[in-house]
Amino acid sequence: MSLFLKSTGIGLAVAAPIGPMALLCMRSTLTRGVGRGLAIGGGIASADAIYATVAACGLAGVSEFALAYETPMHLAAGLFLVYLGLKSLRAEAGAAERTIAPGQGLAKDYSTALLLTLANPPTIVMFAAVFAALAPSAGFRPLDALATVAGVFAGSLLWWCLLIGAVGALRRSLGGAAREWIDRLSGVVLAGLGVVELRRGLG
């Protein structure tokens, strides 16, 4: 239980910094509803759990493969973020307010968030360093590894639920015009963050 709680704290710490994925999650929650935000948060938490699994199990081959392809991953993530940003800027007025059928687009949002988060291989290195400090001298036993991964997932998902809950409450107090402007502004920022990712990939 102690290891699970420590890992939950790690999951919270990893998820909390505001970056492209946090902005994407908040934008979707504000303009398309809490369900869409939760789908994105779940995808991010799942990606954190996958990288935590790699680090906890010491899967060196997987780590080396991901780090070897870090550059194309950054380029792909950057291009997609630029695409999302430009899509927001070019959207027709009122597009964010159109009725969306329950469940529509949730799988796409989840998979998009999962793949974008996995496109950051250095996360493996961070988890490996943290888990090296947490691991017993004899290394992780299977149950220990399971507890760490479950804790990371729980902590990450907890953060996204808290963030989405706060943004969802704000959404109810904003009018359609305000949400439209926020959507456009977030599009500019997403495109800018995409350019940063492209520079990382080309640097």
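Below is a summary of the structure that appears in this document. (Residues numbered from 1 in each chain as written. Predicted model: local features only at pLDDT ≥ 70, side-chain atom pairs only at ≥ 80, totals over all residues. Heavy atoms only, no water.)

### Overview of a nonpolar patch on the surface
Item 1. Together, L86, L89, L185, V188 and V189 make up a nonpolar patch on the protein surface, roughly 420 Å² of accessible area in all.
Item 2. Counting only elements with at least two residues in the nonpolar patch, the list comes to α5 (70-90) and α9 (176-202).
Item 3. Locating V189 in the fold gives a position in helix α9.
Item 4. By relative accessible area, V189 is classed as partly exposed at 37%. (Patch = residues over 30% accessible without salt bridge, like charges linked within 9 Å, V, L, I, M, F, W, Y side chains within 5 Å. Areas by Shrake-Rupley, 256 points an atom, 1.4 Å probe, with all protein chains shown as cover. Salt bridge = Lys/Arg side-chain N within 4 Å of Asp/Glu carboxyl O. Helix = DSSP H or I, 4+ residues; strand = E, 2+ residues; numbered from the N terminus. Buried < 20%, exposed > 50% of the residue type's maximum accessible area, 1.4 Å probe, protein only.)

### Quick look at helix α2 (residues 20-32)
Item 1. The end-to-end C-alpha distance of α2, which contains 13 residues, comes to 17 Å, matching closely the 18 Å that a straight helix rising 1.5 Å per residue would cover.
Item 2. Burial analysis of α2 places 10 of its 13 residues in the buried class, the great majority of the element.
Item 3. Three or more residues of α2 are buried, namely M21, A22, L23, L24, C25, R27, S28, T29, L30 and T31.
Item 4. Two residues or fewer past α2, G33 is found with a positive phi of approximately 110 degrees. (Expected span 1.5 Å × (residues − 1).)

### Section: the nonpolar core
Item 1. Core analysis: the largest hydrophobic core is formed by 20 residues, its most contacted members being M21, L24, I40, I44, L116, W160 and L190.
Item 2. Where this core is concerned, the elements lending two or more residues are α2, α3 (34-57), α5, α6 (106-118) and α8 (142-173).
Item 3. Sorting elements by how many residues they give to this core places α2 first, with 6 residues.
Item 4. Those residues within four positions of W160 in sequence are excluded, and the remaining contacts are A15, M21, A22, C25, G41, I44 and A45. (Core = buried A, V, L, I, M, F, W, Y, C linked by side-chain atoms within 4.5 Å. Contact = heavy atoms within 4.5 Å.)

### A few points about the packing of aromatic side chains
Item 1. Following the criterion strictly, the structure yields 1 aromatic pair and no others.
Item 2. Measuring from centroid to centroid gives 5.8 Å for F80 and Y83, while their planes differ by 35 degrees, and the two rings are tilted. Within this pair, F80 and its partner Y83 are both found in helix α5, separated by 3 residues, close to a single helical turn.
Item 3. When its relative accessible area of 44% is taken as the criterion, Y83 is described as partly exposed. (Phe/Tyr/Trp six-rings, centres within 6.5 Å; stacked < 30°, edge-to-face > 60°.)

### A word on the state of the cysteines
Item 1. Taken as a whole and judged by the stated rule, the model has 0 disulfides.
Item 2. Free of any disulfide, C25 has its nearest cysteine sulfur in C161, 9.2 Å distant. (Disulfide = S-S within 2.5 Å.)

### Brief notes about the side chain of S28
Item 1. Note that S28 resides in helix α2.
Item 2. Apart from the residues within four sequence positions on either side, S28 is in contact with G33, R36 and I40.

### Considering the packing of α3 against α8
Item 1. With their axes 8 Å apart at the nearest point, α3 and α8 run at an angle of 160 degrees to one another. If you check the angle between α3 and α8, you find them roughly antiparallel. By crossing handedness, the relation of α3 to α8 is classed as right-handed.
Item 2. Grouping the amino acids of the contact of α3 with α8 by side-chain chemistry returns 15 nonpolar, 8 polar and 1 charged. (Axes fitted to C-alpha atoms, helices over the stretch in contact; angles between N-to-C directions. Parallel < 35°, antiparallel > 145°, perpendicular 65-115°, else oblique. Left-handed = near helix turned anticlockwise from the far one by under 90°. Nonpolar A, V, L, I, M, F, W, Y, C, P; charged D, E, K, R; others polar.)

### Things to note about the pattern of salt bridges
Item 1. A full pass over the atoms with the stated rule returns 1 salt bridge.
Item 2. Notably, a salt bridge pairs R36 with D109, separated by 2.4 Å at the nearest N-O pair. Here D109 lies in helix α6 and R36 lies in helix α3, a separation of 73 residues in the sequence. D109 carries the same exposure label as R36, and that label is buried.

Note that every value here comes from positions in space, so none of it alone points to a role or purpose.
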